Amino acid sequence: LALKPENSEEHITTGYFLQEERGLIDWAEREYREVIKNAPAGSVPDFRARFRLAELLHDQARELPAAEALQPVCDLMAKDEAAKQTCARAQRDPAGVISRMNYFFAMHFHETGFPAQERDHLQKAIDSDPTDADVLIAMHRLPGADDAWKKMTAEKIGAVAADFKAEVEQFKQ
């Protein structure tokens, strides 16, 4: 952490290497948090570190902290159109980030036994990104879903599956 503290990109790369190549999750998390602490809020390095941290936490089934890592990005994008451009420069689709944050919140509420909040966040997630497969799976598995929810979910899954199939056919050609 003390090496080149001003070089956020190097810390993100180091975090990625520690996480993906070495499985040193705690160390990787510290690298990402160091970037978040030192990079200007709303900058590309801040966003990239938050994206990596959120996915790391989600992979550890730490859903609430994962959602909270993305919350500042989503809040900023809701207030400032330029933040959406920063998000894109950080190589993430703004709608996908909003979907992902809501998916993580939904998973948190699933774990803690609050199905109404889980459903609310799944709806927000799919409204933001209708192609998010994780959200569609969670919608399909929603406990106590009524018939209208099941029908809507099946329709959304069918539409996305058709789109994915068309993409596969296009790439085959």
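Here, the structure is the one placed above.
Conventions adopted
- Here the residue numbering is sequential within each chain, running from 1 through the sequence in written order.
- Per-residue local features are limited, in this predicted model, to residues with pLDDT of at least 70; the limit for side-chain atom pairs, both in listing and counting, is 80 or more; totals at the level of whole chains, interfaces and linings are taken over all residues.
- With hydrogens and water stripped out, all remaining heavy atoms of the structure feed into the side-chain values.
- A run of H or I in DSSP counts as a helix once it spans at least four residues, and a run of E counts as a strand once it spans at least two, with each numbered from the N terminus.
- Per-residue accessibility, obtained with a 1.4 Å probe over protein chains only, is compared with the maximum for each type, and a residue is labelled buried under 20%, exposed over 50%, and partly exposed between these values.
- Here, two residues are considered to be in contact whenever any of their heavy atoms come within 4.5 Å of each other.

A. Region of the structure containing unusual backbone geometry. Its identity is not glycine, yet Ala61 carries a phi of approximately 60°, on the positive side. Looking at where Ala61 falls in the secondary structure, it is placed in the loop between α3 (44-59) and α4 (63-79). Phi is positive for Gln91, which is not a glycine, with a value near 70°. Along the chain, the position of Gln91 falls in the loop between α5 (81-89) and α6 (94-112).

B. Region of the structure containing the environment of Ile137. Within the secondary structure, Ile137 is located in helix α8 (residues 133-140). In this structure, the C-alpha to C-alpha distance between Ile137 and Ile12, residues 125 residues apart in sequence, is 30 Å.

C. Spotlight on the side chain of Arg50. Of note, Arg50 is situated in helix α3. Relative accessible area serves as the criterion here: at 14%, Arg50 is assigned to the buried category. Residues within four places of Arg50 in sequence aside, it is in contact with Ile36, Ala69, Leu70, Pro72 and Val73.

That's the geometry; what it means functionally is another story.
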